[in-house]
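The primary structure of each chain is shown beneath.
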Amino acid sequence: MATAQTMFDLSGDWYEGRMSEDWEPPSPEAAESMFTLHGLIGEFWKLT
Amino acid sequence: MTPFDRQVRAQIYRLFVDGVRLVDTETIAASRGWDTGEVENSLTRLAEERRVSLVDDSHQLRMAHPFSGVDTGYRSVVGDTTWNANCAWDALAILALMGDGRAYAPGPGGDLVWTVEDGEVSPDGFVHFLVPAARFWDDIGFT
């Protein structure tokens with residue numbers, strides 16, 4: 001589980017640039033770093 | 001993604017942002033004067049690469065995260081515009097993209113409603129994930 005505030009805050013980073021033609025999906029490492037930045041840690045949030 | 005796939009993907013988002021509910025081959029092609037066959041092929045590639053999700057056996061958009069192309073009960077409202085979302089996270093994410101407003105999540109006793117104003121979500125609440133992050137796309141519809 002995560003708080004709604006956490007998921008909203010994560011969204012700002014997670015979806016930054018998403019709608020641009022130039023958008024590239026983040027690597028698993030980069031995506032996991034975003035989770036970590038917002039306190040989403042542990043096995044449930046691991047991508048690597 | 002090919003350059004055309006990138007254009008198609010970006011156009012999908014423009015259509016959703018503009019409030020178009022049904023985004024499919026015909027809608028996308030007509031919006032830019034593109035060939036429907038080329039758009040359909042592009043959607044197939046984008047879905048295979050997990051850049052979008054399509055409604056089963058069709059080329060209608062089911063998901064271009066955080067937007068949903070189908071009515072899931074999750075939705076986001078900013079002013080007079082409502083967007084369908086895929087889940088609670090996406091309903092909040094749409095507000096992060098589109099501005100202050102309300103995110104709705106269906107519940108057994110009626111909708112849960114979060115208000116976002118100046119980056120603050122109220123009331124406090126939790127989003128519960130059933131599927132670990134590494135497996136989100138195993139069945140993105142279930143996730």
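Our subject is the structure that appears above.
Quick caveat, the model's predicted, so the values are computed rather than measured.

Enquirer: I would appreciate a short explanation of the environment of Glu49(B) in the present structure.
Expert: When you line up the elements, Glu49(B) lands in the loop between α3 (36-48) and β1 (53-54). Separated by 48 residues in the primary sequence, Glu49(B) and Met1(B) have C-alpha atoms spaced 8.2 Å apart.

Enquirer: Looking at this structure, I do not really get the packing of helix α1 (residues 3-17) of chain B against α3(B). What am I missing?
Expert: When two helices pack together, their arrangement is given by the angle between the helix axes and by the axis-to-axis distance. All names here are of chain B. α3 packs onto α1 with a crossing angle of 90° between their chain directions and a minimal axis gap of 9 Å. It follows from the interaxial angle that α1 and α3 lie roughly perpendicular. In this structure, α1 uses Phe4, Asp5, Val8 and Arg9 to contact α3, whose residues at the interface are Glu38, Val39, Ser42, Leu43, Arg45 and Leu46. Taken together, the residues of the contact of α1 with α3 break down into five nonpolar, one polar and four charged.

Enquirer: How should the pairing of strand β4 (residues 75-78) of chain B be read in this particular structure?
Expert: Walk down a regular strand and you will see the side chains alternate between the two sheet faces. All names here are of chain B. By the bridge criterion, four bridges tie β4 to strand β5 (residues 81-84) in an arrangement that is antiparallel. Bridge pairing in β5 links Arg75 to Asn84. Between β4 and β5, which pair antiparallel and follow one another directly, the connecting turn spans two residues, one of which, Gly79, has a positive phi of 60°. Relative to strand β6 (residues 101-105), β4 runs antiparallel, the two sharing three bridges. Bridge pairing in β6 links Ser76 to Ala103.

Enquirer: Just to check I follow, could you spell out the interface of chain A and chain B for this structure?
Expert: Accessible area lost upon the coming together of the parts serves often as the stated size of an interface. Counting from both sides, the interface comprises 19 residues of chain A and, opposite them, 22 residues of chain B. Taken together, the two bridges between strand β1 (residues 2-3) of chain A and strand β9 (residues 126-127) of chain B define a ladder with antiparallel strand orientation. Each residue of the ladder has a partner; that of Ala2(A), found in β9(B), is Val127(B).

Enquirer: Help me understand unusual backbone geometry in this model?
Expert: The phi torsion of most residues other than glycine is negative, and most of the peptide bonds are trans. All names here are of chain B. Of note, the bond from His65 into Pro66 is cis; its omega dihedral lies within 30 degrees of zero at 5°. Relative to the helices and strands, Pro66 is located in the loop between β2 (61-64) and β3 (67-68). With an omega of -5°, the peptide bond running from Ser122 to Pro123 counts as cis. Secondary-structure assignment places Pro123 in the loop between β8 (120-122) and β9. The phi torsion at Asp57 lies on the positive side, around 55°, for a residue other than glycine. Locating Asp57 in the fold gives a position in the loop between β1 and β2.

Enquirer: It is not clear to me how the sheet that holds β2(B) should be interpreted in this structure. Could you clarify?
Expert: Hydrogen bonding along the main chain pairs the strands of a sheet, whether they run parallel or antiparallel. All names here are of chain B. Pairing in this open sheet of three strands is antiparallel, and the strands run β1-β2-β3 from one edge to the other. Whereas interior strands pair on both sides, the edge strands pair on one side only; in this sheet they are β1 and β3. Looking at chain direction, β2 and β3 are connected through two bridges and run antiparallel. Looking at the pairing, Ala64 lines up with Phe67 of β3.

About the thresholds
Residues numbered from 1 in each chain as written. Chains lettered and ligands numbered in written order. Predicted model: local features only at pLDDT ≥ 70, side-chain atom pairs only at ≥ 80, totals over all residues. Helix = DSSP H or I, 4+ residues; strand = E, 2+ residues; numbered from the N terminus. Axes fitted to C-alpha atoms, helices over the stretch in contact; angles between N-to-C directions. Parallel < 35°, antiparallel > 145°, perpendicular 65-115°, else oblique. Contact = placed C-beta atoms within 7 Å. Nonpolar A, V, L, I, M, F, W, Y, C, P; charged D, E, K, R; others polar. Pairing = 2+ DSSP bridges.

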